[in-house]
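The lines below spell out each chain.
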Amino acid sequence: MTPKEFILNVDENYLRKKRQSYDYNVRLIPRLRLFGFSILMLLVIVHEWLIRNTFQITAFWQCLFVIYGYAILSWLVLKQYFNKITSFNLGTLFFYLDVLLFGYIVYVTGANQSWLIVLFLVRAADQSHYSPKRVLAMLHLGILVYLGVLAIAAFHLNASISWKVEAGKIIILYFSGLFLASTALTSQRLRNELSATIRNARELFQRLQEAHHRLEEKNVQLEKARKEAEAANKLKSEFLANMSHEIRTPMNGILGMTELALETELTPEQREYLSLIKRSGESLLTIINDILDFSKIEAGKLDLERIPFNLREVVGDALKSLSIKAFQKNIELVQWIDEDLPDAFMGDPGRIRQIIVNLVGNAIKFTENGDVIVLVQRFAEEHASDKSARLWFQVIDTGIGIPKEKQDQIFEAFTQADGSTTRKYGGTGLGLSISLRLVRMMNGKLWVESPVPKALRNELRIQSNQPGSIFHFVLDLEEAPGSYTKTLPTKTLRGRKLLVVDDNAINRKYLETVLKRVEVNPIVVPGAQEALNVLHTQADIDALITDGHMPEYDGFMLIEAVREMAAYQQLPVVLLTSGSRPGDIEKCKQLNVAGYMIKPITRDELYRVLINIFADNRVSQVDSTKAQVSTHHIGEKFGSLNILVAEDNTVNQRLVQRMLEKAGHRVEIAANGEEAIEKWQNGQFDLILMDIQMPVMDGYEATRKIREMEVNSGKHTPIIALSANAMKAHREKGLTAGMDGYVTKPIKISELSGEINRVLGKAVDV
């Protein structure tokens, strides 16, 4: 609609509303008044029968004549003279006369004894769409009429009237009218704003015409600016890719060589220095990753995957990556995923894991002691579709809390709640901003609450005096097909009686819930002494699950005491620990511990360990997490491999070579893609690790040529990319070129091992 059309439409609306006003006052209102007066007459009859227990036929006809006579008279006058008498509004006049009619009704229904006094508010309420002045006028008129009724009843009929009671009724009537006046005031303001808007629309018409010409000129300029921005955005993406590669390449050498050095014999001082170097390098890498992710989001280059994933595995993997950090601060890291949630969903597991790691890592950073708890449950299930679930993630800590005035600020980029240069905790301030943007990209919601509500603290039995905080995020995720859900053979666990020992209340409740789910009979106790009491009184315990770190009497002390009991010297024991300490594995071997698990544990991890135990598959250490992979597992699974490493950086050559040779593999080095092809043609290799950016011939081209040559031979040599480019586009380009796997630098032994196992063993679970 053009501005001119808008103004013409406003004028037409004005005339139409004027016609509607006439029809409203002359035709509709009188008919409604007849209907309303019929209801009024009915109220009078009901009032006389039910309230006063009396009914006089003479009074009935008198009242009927007054009410309907007044209604018909007002209709005839309005129809004849409406809009012809301009000095006053006839409709308003009859509204005021209605108050006198109501006074008459109140009088004939008992005056001070009448319950129909509320009729005086009817006309006040009817005026609430006009102005507060008219409401107050109707109110005051009604009160005056009622006072007149009381005076007639008192002095003419000699009725007994309690003036205190009547004063109270009038006060109630008056304040009710004031409330109606306040609503009329709001209505009046809205009408005034609408009138002002209409006036402004006329003034804006000419301005809009001028603005239209200016906008046409701006459009030409914006189109030019858009093309320049697209070119700049392309350069930005190329810069990010190059920066990622150039930084990750030396970081790969620093972190990798440091990790190799830490596996050698060192003095305590040397180990401390190297550990500090490794932690500093990892912190620097985290900052780089945050900046790159933030830049990709800003540039709109970050794409989300939609693949099936196991919710419990994703949460478990995220928390296990932070378990050491939590253990070092003596913080209990706890997870709880509702048992009614399905295992598998469709979405981007990597980004969900990143959000959890950001929020939990943040919680650990700002918590000195106590707990960090991750809860996952259904949220507002009635709003989810049949094929999806609304998941509610909560990350609860017992840290320093966040002031109310800072709770919105912390989600801004490069911002922390404490922005001073002397702040204690450091960090880029990008983690929460990235998490918020990722959640929004998934059509979810992220917010913070601090302090932790008292009811929740009591429910979780949080003992800390710190205020703490809760980071909530909600995602709608579609359930994955049933074929993706793994079913474990838990029949061997049914009816087993297990003794569970943990000093953390929510851990105890979690273990009890997941065990009862497979029909295990758990006996749950909070400490070692209680556990020994159970063992002394019951001789049919099938296994013991105990926390390793408990106050006064830890898990190892409990196991030693159990082994001294004749009836339980061979009792299967699973030890749960928040962090592995030097010598723990050796102690487990000495005490014949069947399972050793890093907390927080997932439901399926616990089931696997117990299934192995009751299948008599005892192991000295149960490695139940993919995060605990070591290079030793590669040698165990595939034996000694012939591996060709194509890498131009000498430090990275040495690093990868040492990693693989320590696992017992034979390694040959090629400095570029052309040399890699030549060595591949002249040798027999089980695997190729291919750098992407190399002189002479890059990794993409080398891979394509190898795949072309393999067409005739019918052979296929697995190729895994080693790339400092972390962007999704480079991964897709590598897979398109014929690569089987992709590992980003800096290379971690666990990630390289996992990818080799995946590529060579396909479905092998490492």
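Reading the values: the criteria
Residues numbered from 1 in each chain as written. Predicted model: local features only at pLDDT ≥ 70, side-chain atom pairs only at ≥ 80, totals over all residues. Heavy atoms only, no water. pLDDT = per-residue confidence, 0-100. Contact = heavy atoms within 4.5 Å. Salt bridge = Lys/Arg side-chain N within 4 Å of Asp/Glu carboxyl O. Helix = DSSP H or I, 4+ residues; strand = E, 2+ residues; numbered from the N terminus. Buried < 20%, exposed > 50% of the residue type's maximum accessible area, 1.4 Å probe, protein only. Expected span 1.5 Å × (residues − 1). Arc of directions from axis to C-beta. Polar contact = N/O pair within 3.5 Å; in protein donor to acceptor, adjacent residues only side chain to side chain. Axes fitted to C-alpha atoms, helices over the stretch in contact; angles between N-to-C directions. Left-handed = near helix turned anticlockwise from the far one by under 90°. Nonpolar A, V, L, I, M, F, W, Y, C, P; charged D, E, K, R; others polar. Pairing = 2+ DSSP bridges. Right-handed = clockwise from strand over helix to strand, strands pointing away. Parallel < 35°, antiparallel > 145°, perpendicular 65-115°, else oblique.

Quick word on the confidence of the model for the protein chain
- The predicted model of the protein chain has a mean per-residue pLDDT of 79, with 82% of residues at 70 or higher.
- For residues 419-423, every residue scores under 50 in pLDDT, and the model assigns this stretch two contacts once sequence neighbours within four places are set aside.
- Scored below 50 in pLDDT, residues 762-766 makes eight contacts in the model with residues more than four places away or belonging to other chains.

Considerations on the pattern of salt bridges
- A full pass over the atoms with the stated rule returns 23 salt bridges.
- With a closest N to O distance of 3.0 Å, Arg 603 and Glu 339 form a salt bridge. Of this pair, Arg 603 sits in helix α17 (residues 603-614) while Glu 339 sits in the loop between β2 (331-337) and β3 (344-347), and the two are 264 residues apart along the sequence.
- Arg 603 gets classed as buried once you look at its relative accessible area, which sits at 2%.
- Two residues, Asp 540 and Lys 497, come together in a salt bridge whose shortest N-O distance is 3.0 Å. Within this pair, whereas Asp 540 is found in the loop between α14 (528-537) and β10 (543-547), its partner Lys 497 is found in strand β8 (residues 497-501), the two being separated by 43 residues in sequence.
- The exposure class assigned to Asp 540 is partly exposed, which follows from its relative accessible area of 41%.
- Overlapping salt bridges, with partners in common, bring together Arg 312, Glu 339, Asp 343, Arg 517, Arg 603 and Asp 604 in one network.

A closer look at helix α21 (residues 699-713)
- Under the 1.5 Å per step criterion, the end-to-end length of α21 is 21 Å for 15 residues, consistent within 8% with the ideal 21 Å.
- For α21, the full list of buried residues reads Gly 699, Tyr 700, Ala 702, Thr 703, Ile 706, Arg 707 and Glu 710. One side of α21 carries all its buried residues, which in axial view fall inside an arc of 160 degrees. Turned more than 90 degrees off the buried face of α21, the exposed positions are Glu 708, Val 711 and Asn 712.
- Where α21 begins, the capping side chain belongs to Asp 698, and its oxygen is found 3.2 Å from the backbone nitrogen of Tyr 700.
- The first or second residue beyond α21 is Gly 714, which carries a positive phi of 80 degrees.

Regarding the packing of helix α10 (residues 349-365) against helix α11 (residues 431-441)
- Packing of α10 against α11 leaves a shortest axis separation of 9 Å and a crossing angle of 145 degrees. In the packing of α10 onto α11, the handedness of the crossing is left-handed. Together, Arg 351, Gln 354, Ile 355, Asn 358, Leu 359 and Asn 362 of α10 and Gly 431, Leu 432, Ile 434, Ser 435, Leu 438 and Val 439 of α11 make up the contact between the two elements.
- Tallied by class, residues from the contact of α10 with α11 come to six nonpolar, five polar and one charged.

Some details on the pairing of strand β9 (residues 521-525)
- Two elements, β8 and β9, share five bridges in a ladder whose sense is parallel. Paired with Leu 499 across the two strands is Ile 523, which belongs to β9.
- Traced from β8 through helix α13 (residues 505-517) to β9, the parallel crossover comes out right-handed.

Focus: the packing of helix α8 (residues 311-320) against α10
- Contact geometry of α8 with α10 gives a least axis separation of 9 Å together with a crossing angle of 40 degrees. As far as their axial angle goes, α10 and α8 are oblique. Crossing angle aside, the handedness with which α8 passes α10 is right-handed. Contact residues: α8 offers Val 314, Val 315, Asp 317, Ala 318 and Leu 319, while α10 offers Pro 349, Ile 352, Arg 353, Ile 356, Val 357 and Val 360.
- Residues belonging to the contact of α8 with α10 are distributed by class as follows: nine nonpolar, no polar and two charged.

Looking at the sheet that holds β9
- Spatially, the five strands line up as an open sheet ordered β9-β8-β10-β11-β12, and their pairing is parallel. Strands at the two margins of the open sheet, each flanked by one partner only, are β9 and β12 (595-598). With direction set aside, neighbouring strand axes in the sheet form an average angle of 15 degrees.
- With four bridges joining them, strand β11 (residues 573-577) and β12 adopt parallel strand pairing. Each residue of the ladder has a partner; that of Leu 575, found in β12, is Tyr 596.
- Along the sheet, α14 contacts β8 and β9; its crossing angle with β8, the most-contacted strand, is approximately 160 degrees.

Concerning unusual backbone geometry
- Omega for the peptide link from Ser 450 to Pro 451 comes to 5 degrees, which places this bond in the cis form.
- Tracing the chain through its elements places Pro 451 in the loop between β6 (445-449) and α12 (454-460).
- In this structure, Pro 600 follows Lys 599 across a cis peptide bond, with omega equal to -5 degrees.
- We note that Asn 592 has phi near 55 degrees; this positive angle belongs to a residue other than glycine.
- Among the residues examined, Asn 592 registers a relative accessible area of 35% and is labelled partly exposed.

Some words on the sheet that holds strand β17 (residues 741-744)
- Across the sheet, which stays open at both edges, the five strands sit in the order β14-β13-β15-β16-β17 with parallel pairing between neighbours. If you trace the sheet from one side to the other, it starts and ends with β14 (666-670) and β17, each paired once. Ignoring strand direction, the axes of neighbouring strands in this sheet form an average angle of 20 degrees.
- Relative to β14, strand β13 (residues 642-646) runs parallel, the two being bridged by five bridges. Within β14, the position partnered with Ala 646 by the bridge is Ala 670.

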